[in-house]
Amino acid sequence: MELTRRDLFKFGGVAAMGAAGAGMLAGCAPSSAGKNGSAEGGASSDGLPSFFQQPEAITDIAETKEFDIVVVGAGAAGVPCALAAAESGAKVALVQKESKAISQGNTCDSLVADQTDEAGRAAVVSWVTEQCAWRSHRDQVNLWANNSGEALKWLWDKSTEAGCQIVDTTAKWTSSISTIDGQPITYFAFDYGPKPYNTGTGMQDLCDYFGGKDGLEIFYSSRAEQLVKDDSGKVIGVICDTDNGHVQFNGSKGVVIATGDYTNDDEMMAYYNPDMANIARKQNNKTGDGQKMMVWAGARMEPVCGSKVQHDFDAGPGSMADMPFLCVKNDGTRFCNESRSAMAYMGNFLTGPQDEGYYTQVFDSNYMTDCADWPGKLYDPEALKAYMPEEEGEKTGVYEDLIATFKADTIEELGEKLGLTDIAAFAETVKRYNELVDAGVDSDMGKEAKWLKPIKQAPFYGIHRHIRLSAIVHGVNVNEEMNVLDAEGNPIEGLYAIGNCAGNFFGSPDYPMDLPGLSLGRCHTQGYVVGRALAAK
């Protein structure tokens, strides 16, 4: 039996492949747990990775609860979905396996459709599709483009009412992309913040304020384990493991899966993203629960590997992360053309066990003058102190356990503070870089002369960035209404997916950051649109 790679992505059909399929798939299963994972590795007795195995049906139901809509997962997509549905008159259950709402990041972005003409919206959709290696489904990006402005303004109002910490960051994040292909674009962006407050804190505050209002009930510590279908194949509910036993939550209008990604499931990561084996994972308990339940119910994963979100906005100012300073690995060597290597893609150079996602941006004390015309925002030496663990004083707007910016009077001393493994090689790299600067030609990496700035004037600075994995955006196939599709591309009645467990929006190997806040903006928008639509059924 000959199996194609496409066959291997069809989860639900694997069991029918028989012994030949088992033999081929056995090699995909890891033999031990990966970096910072929480799920057990290994394969089942028939050679198939365990996440392909549909469990026995749960029958010991202690209680059944009836709702119009059940939303599984209290995150950046699930919370807005539940709020929008309840506000629209539906009786809603929001079930969450954690003891509180969980989300990450700060920035969400939207396109204001009623202030951007049709050609402008089309240009942005095409631009996003190009950033995603032309693998985005246009109807998915259109959903964001046509509805996100309304959705985020609604969420801003809800967050204001709930007392969340929010800041309008439209100008900060979108001023450089106000025109796309000659078309003027109007955006609206905001941050939950400043740090350490983030989107997760915002979702928690929204749940605390709106829980119990407008027909919304929230059930924490309720882990969804299986979807329930009726005799016609319609998904009518979900069974959750709770402190009171198994509870079945029925949703007469629909069940919405918003459980996030699978970065902490080692088998799924090894199967879909083996290049991430040495990259640390920023989050916990992201075990692909929603993807598995939907596949067991007949869904199919999108036939591309996950779009990985990897970055470090915290070791030093995020606004300086894409600036083309000299960059070195932990062994002190230069490894890229820094003007062609945005932080979103930097981790691709650093996947080996000797690197583990670490690199350093290096510059000297003249950076405020030398780099004044660079895109982004420079932090002056005084503002930079918030990111420097050796500097005394209050650290505001940062995560103190993640800051890693240092200064020193010599290159050798800077290398020591940064923890580089070969100080002599680092000094030689800086010497060579200065030679290239003086020559005005980067014969090593080809960086354009305007980005070549000397590193000669003490004190010297280094931002020791640690690229880690924030999310794998990889989910099941959905249509333009976020209705989950089966193997033949037909909608599975009653079942919807939003956020990072829904497929077809990104599709590129790397999550693009040219439009800041697109990921959270997409999650919020999908939740808002689906919640309102289901309530109106």
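Presented here is a report on the structure given in the accompanying data block.

Each value, and the rule that gives it
- Residues numbered from 1 in each chain as written.
- Predicted model: local features only at pLDDT ≥ 70, side-chain atom pairs only at ≥ 80, totals over all residues.
- Heavy atoms only, no water.
- Core = buried A, V, L, I, M, F, W, Y, C linked by side-chain atoms within 4.5 Å.
- Buried < 20%, exposed > 50% of the residue type's maximum accessible area, 1.4 Å probe, protein only.
- Helix = DSSP H or I, 4+ residues; strand = E, 2+ residues; numbered from the N terminus.
- Contact = heavy atoms within 4.5 Å.
- Phe/Tyr/Trp six-rings, centres within 6.5 Å; stacked < 30°, edge-to-face > 60°.
- Lys NZ or Arg CZ within 6 Å of the ring centre and 35° of its normal.
- Polar contact = N/O pair within 3.5 Å; in protein donor to acceptor, adjacent residues only side chain to side chain.
- Salt bridge = Lys/Arg side-chain N within 4 Å of Asp/Glu carboxyl O.
- Axes fitted to C-alpha atoms, helices over the stretch in contact; angles between N-to-C directions.
- Parallel < 35°, antiparallel > 145°, perpendicular 65-115°, else oblique.
- Nonpolar A, V, L, I, M, F, W, Y, C, P; charged D, E, K, R; others polar.
- Lys, Arg positive; Asp, Glu negative; His and termini not counted.
- Pairing = 2+ DSSP bridges.
- Expected span 1.5 Å × (residues − 1).
- Arc of directions from axis to C-beta.

Looking at the nonpolar core
Formed by 86 residues in total, the largest nonpolar core has its most connected members in L206, L227, F249 and M294. For this core, the leading source of residues is helix α3 (residues 78-87), giving seven residues. Residue contacts for F249: discarding those within four places in its chain leaves K65, F67, V70, A93, V95, F219, I236, G237, V238 and C240. F325, C371, W374 and A427 belong to the second-largest nonpolar core, a separate cluster that totals 33 residues.

Comments concerning the packing of aromatic side chains
Applying the stated criterion to the full structure yields 23 aromatic pairs. For the pair F335 and Y359, a centre-to-centre distance of 6.3 Å together with 80° between the ring planes defines the contact as edge-to-face. With F335 in the loop between β13 (326-328) and α10 (343-346) and Y359 in strand β14 (residues 358-364), this pair connects stretches of sequence that are 24 residues apart. Between Y379 and Y387 the ring centres are 5.9 Å apart and the planes differ by 75°, which places this aromatic pair in the edge-to-face class. Put simply, the rings of F325, F363, Y367, W374, W451 and Y461 pair up and form one aromatic cluster. Geometry around F67 places K91 over its ring, the cationic atom sitting 5.2 Å from the centre. Between R522 and the ring centre of F505, over which it is positioned, the NZ or CZ distance is 5.7 Å.

What about the side chain of K447?
Its place among the elements puts K447 in the loop between α14 (423-439) and β16 (460-466). In terms of polar contacts, K447 uses its side chain to reach the backbone carbonyl oxygen of P324, at 2.8 Å. Those residues within four positions of K447 in sequence are excluded, and the remaining contacts are P324, F325, L326, R334, N337, E338, S339, Y433, D442 and L452.

Digging into the pattern of salt bridges
Here the structure, examined in full by the defined rule, presents 20 salt bridges. Note that K65 is salt-bridged to E63, the shortest N-O span being 3.1 Å. A residue is classified by how much of its surface remains accessible, and K65, at 23% relative accessible area, is partly exposed. The residue E382 makes a salt bridge to K385 at a minimum N-O spacing of 3.2 Å. The exposed category is assigned to E382, whose relative accessible area is 55%. The class of K385 is partly exposed, set by a relative accessible area of 28%.

Some details on the packing of α3 against helix α5 (residues 138-162)
Put simply, α3 and α5 touch, their axes get as near as 12 Å, and they point 85° apart. The angle between α3 and α5 falls in the class roughly perpendicular. Between α3, through P80, L83, A84 and E87, and α5, the contact on the second element is made entirely by W154, L155 and K158. The class makeup of the residues in the contact of α3 with α5 is five nonpolar, no polar and two charged.

Considering the side chain of D109
With respect to the element layout, D109 can be found in strand β3 (residues 107-111). Despite its burial, D109 remains without a salt bridge, the nearest opposite charge being carried by K153 at 11 Å. What D109 contacts, discounting residues up to four positions off in sequence, is W144, L152, T174, Y187, F188, A189, L515, P516, G517, L518 and G521.

Let's talk about the sheet that holds strand β15 (residues 405-408)
Sheet architecture is open: four strands sit in the order β13-β14-β16-β15, paired in antiparallel fashion. The sheet is open, and its two borders are formed by β13 and β15, each paired with just one other strand. With direction set aside, neighbouring strand axes in the sheet form an average angle of 25°. Sitting on the sheet, helix α13 (residues 411-418) is in contact with β14, β15 and β16, with an inclination near 150° to β15. Strands in contact with α14 are β13 and β14; relative to β13, the strand with the most contacts, it is inclined by about 155°.

Some remarks on helix α7 (residues 199-210)
With 12 residues, α7 should reach 16 Å at 1.5 Å per residue; the first-to-last C-alpha distance of 16 Å fits that figure. Taken together, the buried positions of α7 are occupied by T199, G200, G202, M203, L206, C207 and F210. What you see down the axis of α7 is that its buried residues fit within an arc of 160°, all on one side. For α7, the elements touching its buried residues are α3, β2 (92-95), α5, β7 (187-192), β8 (216-219) and α15 (518-535). With a side-chain oxygen lying 3.0 Å from the backbone nitrogen of G200, the N-terminal cap of α7 falls on N198. Positive backbone phi, approximately 90°, marks G212, located one or two places after α7.

Any link to function would need more than the numbers given here.
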